[in-house]
Amino acid sequence: MRQRLRKPVYHSALGPGLVTGAADDDPSGIATYSQAGASYGYALLWPVVLAWPFLTAFQFTCAEIARVTGRGLAANLTANLPRSAVWTVVLMLLGANIFNIASDIAAMAEAARLVTGLPRLPLMVGFALLSLGLQIFVPYHRYVGILKWLTLSLFAYVAVILMVGVPWRSMLAGLVPSLPSGSATTVVAILGTTISPYLFFWQSAQELEEMQLEHARPLNKSPAGAGRELHRLVMDSAGGFLVTMVISVCIISATAATLHGAGTNTIATAADAAAALRPIAGDFAFMLFAVGIIGTGMLAVPVLAGSAAYALAEVMGWRAGLEFKPAEARGFYGIIFVAVASALALDLFGIDAMQALFWTAVVNGLVAVPVMVAIMVLASRRAVMGRFAVRGGQAWLGWGAAALMAAAAAGMFLA
């Protein structure tokens, strides 16, 4: 294990919730939000805002399970559910994440091509190798700082809406629930891209990384200071997913004000949105939008690969953690390599970005609901959580998140 250094002050102020929430606005998500704004203007802002309290409560629950038990989600699920069921979920998570990584790398390369004029193929390889190199060779206590700086790229979309002149009354009207004709599938897509299984596993795993850096014991063995620690988890989750909600609203609003207003109603990828924005909003707005795609991709790819690696390594009983050297956690880093390399191979063989996004949504829809139910069952059991078993408003919002995702999954298959 690498020598652990004293954590800088910003680690306590900005925790795993910030990186997790920011990674939710990955290039695939940007494509979904851009399509919503281009097709329906401001009318579909409300699902993003609706999801925030539910997702905050659920992510807090995932982080709390790790902080209370000292084990990740997959390890807890393995201890309390049939191993075959957990294997099925983890392998589906790995498959969905590989497709998602492929979509994100392709979107990053296309955005970089639009900005620089360089060929798409070497850009894809370069982004994949850069992400792999950072994950494998930079220890967690340094790498997490890089991820937190990358979250700043999201604010490019705040700058875009300030530049394009969003009519605030129209934007506020979009917060009132409505369902324009033909928009049901897009609502499902918004909820599906906002509530994703990889976020659950990643935030839980990052809490364990933070505990190791602090030499902290699980709360069920050392409950002193539990109130302060749980308050931190609540604020971290709420703040992180407030960021993702605000940025999602900005993306929908920016494309509503520009593309929808100009009659451009179909967007296939995030890079398409950036390209379509250029003649309408100008070069600088285009540049900001494209840079945001690259920054969020560099943030999301390690979260996608890492969440699958944590989950699979925990099921296998392997040592897992970005603070370990590669030789100390070969299986864990091997999964990260396989996930990114497989995604790059799909891109090099000419994967259809829209098909990749479709199958990612399908697999996430299949995985999310049973995983969320299992997590809430675990979080409610005193045998697992002791005195910290969820109850009250947290339980209602957590189960509400599972119900919301079940409705979204049902809508996806019925649409």
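Described below are features of the structure shown in this document. (Residues numbered from 1 in each chain as written. Predicted model: local features only at pLDDT ≥ 70, side-chain atom pairs only at ≥ 80, totals over all residues. Heavy atoms only, no water.)

### Overview of the environment of Ala327
Here is step 1: Relative to the assigned elements, Ala327 resides in the loop between α15 (283-316) and α16 (330-348).
Here is step 2: With a relative accessible area of 54%, Ala327 lands in the exposed category.
Here is step 3: When the C-alpha atoms of Ala327 and Pro223 are compared, they prove to be 34 Å apart, with 104 residues separating the residues in sequence. (Helix = DSSP H or I, 4+ residues; strand = E, 2+ residues; numbered from the N terminus. Buried < 20%, exposed > 50% of the residue type's maximum accessible area, 1.4 Å probe, protein only.)

### Focus on the nonpolar core
Here is step 1: Ranked by size, the top nonpolar core spans 147 residues in total, and within it Phe200, Phe201, Phe289, Ile293, Leu322, Phe332 and Met372 carry the most contacts.
Here is step 2: Once residues within four sequence positions are removed from consideration, Phe332 is found in contact with Gly306, Ala309, Tyr310, Ala313, Trp318, Arg319, Ala320, Gly321 and Leu322. (Core = buried A, V, L, I, M, F, W, Y, C linked by side-chain atoms within 4.5 Å. Contact = heavy atoms within 4.5 Å.)

### A closer look at a nonpolar patch on the surface
Here is step 1: Residues Val115, Met163, Phe284, Met287 and Val291 make up a contiguous nonpolar surface patch of about 410 Å² in total accessible area.
Here is step 2: Element by element, the count of residues in the nonpolar patch is highest for α15, at 3 residues.
Here is step 3: Locating Val291 in the fold gives a position in helix α15. (Patch = residues over 30% accessible without salt bridge, like charges linked within 9 Å, V, L, I, M, F, W, Y side chains within 5 Å. Areas by Shrake-Rupley, 256 points an atom, 1.4 Å probe, with all protein chains shown as cover. Salt bridge = Lys/Arg side-chain N within 4 Å of Asp/Glu carboxyl O.)

### Some details on unusual backbone geometry
Here is step 1: For His215, which is not glycine, the phi dihedral falls at a positive 55 degrees.
Here is step 2: Position of His215 relative to the elements: it lies in the loop between α12 (197-214) and α13 (226-260).

### Brief notes about the environment of Leu208
Here is step 1: Along the polypeptide, Leu208 turns up in helix α12.
Here is step 2: Given a relative accessible area of 15%, Leu208 falls into the buried group.
Here is step 3: Along the sequence, Leu208 and Arg71 sit 137 residues apart, while their C-alpha atoms lie 7.1 Å from each other.

### Let's talk about empty space enclosed by the protein
Here is step 1: Counted according to the given criterion, the structure contains 1 cavity of 30 Å³ or more.
Here is step 2: Taken as a whole, the largest cavity encloses approximately 50 Å³ of empty space.
Here is step 3: Taken together, Asp24, Tyr33, Val48, Ala51, Trp52, Leu55, Thr194, Phe241, Thr244, Met245 and Ser248 make up the lining of the largest cavity.
Here is step 4: Counting only elements with at least two residues in the lining of the largest cavity, the list comes to α4 (46-69) and α13.
Here is step 5: Partitioning the lining of the largest cavity into residue classes produces 7 nonpolar, 3 polar and 1 charged. (1 Å grid on protein atoms, 1.4 Å probe; cavity = no way out; pocket = protein on both sides within 12 Å on 5 of 7 lines; lining within 4 Å. Points joined across faces, edges and corners; volume = space filled by probe spheres on them. Nonpolar A, V, L, I, M, F, W, Y, C, P; charged D, E, K, R; others polar.)

### A short note on the layout of surface pockets
Here is step 1: What the second largest pocket holds in volume is close to 300 Å³.
Here is step 2: Considering the residues around the second largest pocket, the lining is formed by 15 residues, among which Gly70, Arg71, Leu208, Gln212 and Ala320 are closest to the centre.
Here is step 3: Those elements that provide at least two residues to the lining of the second largest pocket are α12 and α15.
Here is step 4: Top element by residues in the lining of the second largest pocket is α12. It accounts for 5 residues.
Here is step 5: Considering only residue class, the lining of the second largest pocket consists of 8 nonpolar, 4 polar and 3 charged.

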